[in-house]
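Chain residues, written in single-letter form:
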2 protein chains.
Amino acid sequence: MEKCRMVFSGSGGQGVITAAIILAEAAVLYENLIAVQSQMYGPEARGGATRSDIIISDSKINYPKVIQPNVLVCLTQQAYNKFYPIIRPGGLLVTDTRYVKTQRKADAIQRELPMFQTVMEKIGKPIVFNICMLGVVISMTQLVKSESIMKVLETRIPSGFLEMNREALTIGMAMGDESIN
Amino acid sequence: MEKCRMVFSGSGGQGVITAAIILAEAAVLYENLIAVQSQMYGPEARGGATRSDIIISDSKINYPKVIQPNVLVCLTQQAYNKFYPIIRPGGLLVTDTRYVKTQRKADAIQRELPMFQTVMEKIGKPIVFNICMLGVVISMTQLVKSESIMKVLETRIPSGFLEMNREALTIGMAMGDESIN
């Protein structure tokens, strides 16, 4: 496995940092990988675009910051406008159709998916939007198994909410599978 | 202000990553500072010592990883044993008396505080142990105001739990104030 460098971006309340931490923990605790996860908060964070970096690898990671991500997820227009230029040529760009109008064709596999809308229609809880996004990412990258994500969720959230998270993850994975075929 | 480099360490469930994120957000959103917050998960994370790095500064931060922290917090014996050697000479080392027996005198201001015990006696909820620890850190470093931490908490947790968090923060701040005088 090569190093996979990812940036999840969006606005504060969308849970992109949490999603990044869950993915990193799943990779390390249940898939025998190494991960580093970070966020830089600059003056621009006050404007509203949150960014969370994750690198997953099977060998030592020296530099924790992502310069050019293989995988870039943008959940708001502001995040898309800001981070669009950093994607690695040939990488994967995932945006949410409800929040982002893409303006250019990226030099990347570009997928505009109705993640938010589907979560609202099928589950009705915006709080699991980030888990649906994780489902898309793991299905498209095959980085970690869904069971590993669920094991992390089991240690983090009350059992009454697990089913809703599992459902969001499954919706995301189906959406990712479909968009790749 | 100089850059303040911090490492919060402990075991998975103690909330050291959450505490680091809350502190970074408070600094950036309400104190006009710049922050970077990261965690490296290596094979050792499977052993149990979680580490979260935070750098807070009033100017650009180039390298997100902390090599020698000015402030090192250790909430378990394992974390203490592992990270003790990295403290910056003259820095601040905070440990919890319930979980850590310090074995050497560090070349640092060393404070062993009954954070866990006091939280359990006065609040009875281990979940706010990390917020008490944050109270100690902000009181000893004067990095951010307690109101800035509370503003972040208000956006993150249900209002019914805010009072408990405020109490834990206040307990920590009192403990920090006392231990410095």
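Residues numbered from 1 in each chain as written. Chains lettered and ligands numbered in written order. Predicted model: local features only at pLDDT ≥ 70, side-chain atom pairs only at ≥ 80, totals over all residues.

Peer 1: Describe in detail the interface of chain B and chain A, supporting the description with residues and values.
Peer 2: The interface is formed by 20 residues belonging to chain B together with 20 residues belonging to chain A. When residues of the side of chain B that touches chain A are traced back to their parent elements, those giving at least two are α1 (16–31) and β2 (34–41) of chain B. Here the side of chain B that touches chain A gets eight residues from one element, more than from any other, and that element is β2 of chain B. Among the residues making up the side of chain B that touches chain A, the classes are represented as 13 nonpolar, four polar and three charged. Pairing of strand β2 (residues 34–41) of chain A with β2 of chain B involves seven bridges; the strand directions are antiparallel. (Contact = placed C-beta atoms within 7 Å. Helix = DSSP H or I, 4+ residues; strand = E, 2+ residues; numbered from the N terminus. Nonpolar A, V, L, I, M, F, W, Y, C, P; charged D, E, K, R; others polar. Pairing = 2+ DSSP bridges.)

Peer 1: Describe in detail the pairing of strand β3 (residues 50–57) of chain A, supporting the description with residues and values.
Peer 2: Residues and elements named next belong to chain A. Across the eight residues of β3, seven count as buried, placing the element largely inside the fold. Across seven bridges, the pairing between strand β1 (residues 4–10) and β3 is antiparallel. Directly across from F8, in β3, lies its bridge partner S52. Bridge analysis of β2 against β3 gives five bridges, and the strand direction is antiparallel. Bridge assignment links I34 to a residue of β3, and that residue is S57. (Buried ≥ 20, exposed ≤ 12 C-beta atoms within 10 Å, placed from the backbone.)

Peer 1: If you had to explain the relation of the copies chain B and chain A to someone new, which residues and values would you point to?
Peer 2: Placing chain B over chain A gives an RMSD of 0.0 Å and needs a rotation angle of 180°, together with 0.0 Å of translation along the axis. Taken together, the rotation and translation describe the operation of a two-fold axis. In terms of C-alpha distance to the rotation axis, chain B has S38 of chain B as its closest residue, with the C-alpha 1.9 Å off the axis. Here 100% of the interface residues in chain B have copies in chain A that are interface residues too; the copies meet face to matching face. (Least-squares fit on C-alpha atoms with pLDDT ≥ 70 in both.)

Peer 1: Give me the packing of helix α3 (residues 115–122) of chain B against helix α6 (residues 162–180) of chain B: which residues, what numbers.
Peer 2: Residue and element names in this part refer to chain B. At a closest axis distance of 11 Å, the pairing of α3 and α6 adopts a crossing angle of 135°. Considered as vectors, α3 and α6 are oriented oblique to each other. For the crossing formed where α3 meets α6, the hand is right-handed. Between α3 and α6, the contacting residues are M115, T118, V119 and K122 on the first element and A168, I171, G172 and M175 on the second. (Axes fitted to C-alpha atoms, helices over the stretch in contact; angles between N-to-C directions. Parallel < 35°, antiparallel > 145°, perpendicular 65-115°, else oblique. Left-handed = near helix turned anticlockwise from the far one by under 90°.)

Peer 1: Account for the sheet that holds strand β5 (residues 91–96) of chain A, with residues named and values stated.
Peer 2: Strand order in the open sheet made by the twelve strands is β6(A)-β5(A)-β4(A)-β1(A)-β3(A)-β2(A)-β2(B)-β3(B)-β1(B)-β4(B)-β5(B)-β6(B), with mixed pairing throughout. On the outer flanks of this sheet lie β6 (108–113) of chain A together with β6 (108–113) of chain B, each paired with one strand and no other. In this sheet, neighbouring strand axes are inclined to one another by 15° on average, regardless of whether the strands run parallel or antiparallel. In this sheet, strand β5 (residues 91–96) of chain B lies alongside strand β4 (residues 71–74) of chain B in parallel orientation, the contact comprising four bridges. By the bridge assignment, C74 of chain B is partnered in β5 of chain B with T95 of chain B. Seen against the sheet, helix α1 (residues 16–31) of chain A touches β1, β2 and β3 of chain A together with β2 of chain B and runs at an angle of roughly 10° to β3 of chain A.

Peer 1: Any chance you could break down the environment of N130 of chain A for me, citing the residues and the numbers?
Peer 2: All names here are of chain A. Among the secondary structure elements, N130 is positioned in helix α4 (residues 129–141). With 115 residues separating them along the chain, N130 and G15 place their C-alpha atoms 5.7 Å apart. Non-local contacts of N130, meaning those with residues more than four positions away in its chain, are made with Q14, G15, V16, T18 and A19.

Peer 1: So, unusual backbone geometry: which residues are in play, and what are the values?
Peer 2: A positive phi angle, near 60°, is found at N32 of chain A, a position not held by glycine. Note on N32 of chain A: 10 C-beta atoms within 10 Å, which makes it exposed.

Peer 1: Would you mind going over the packing of helix α3 (residues 115–122) of chain A against α4 of chain A in detail, with residue names and values included?
Peer 2: Residue and element names in this part refer to chain A. For the pair α3 and α4, the least separation of the axes is 9 Å and the interaxial angle reads 120°. Classified by the interaxial angle, the pair formed by α3 and α4 is oblique. The interaxial crossing formed by α3 with α4 has right-handed handedness. Along its contact with α3, which presents M115, F116 and V119, the element α4 presents F129, C132, M133 and V136. Split by residue class, the contact of α3 with α4 holds seven nonpolar, no polar and no charged.

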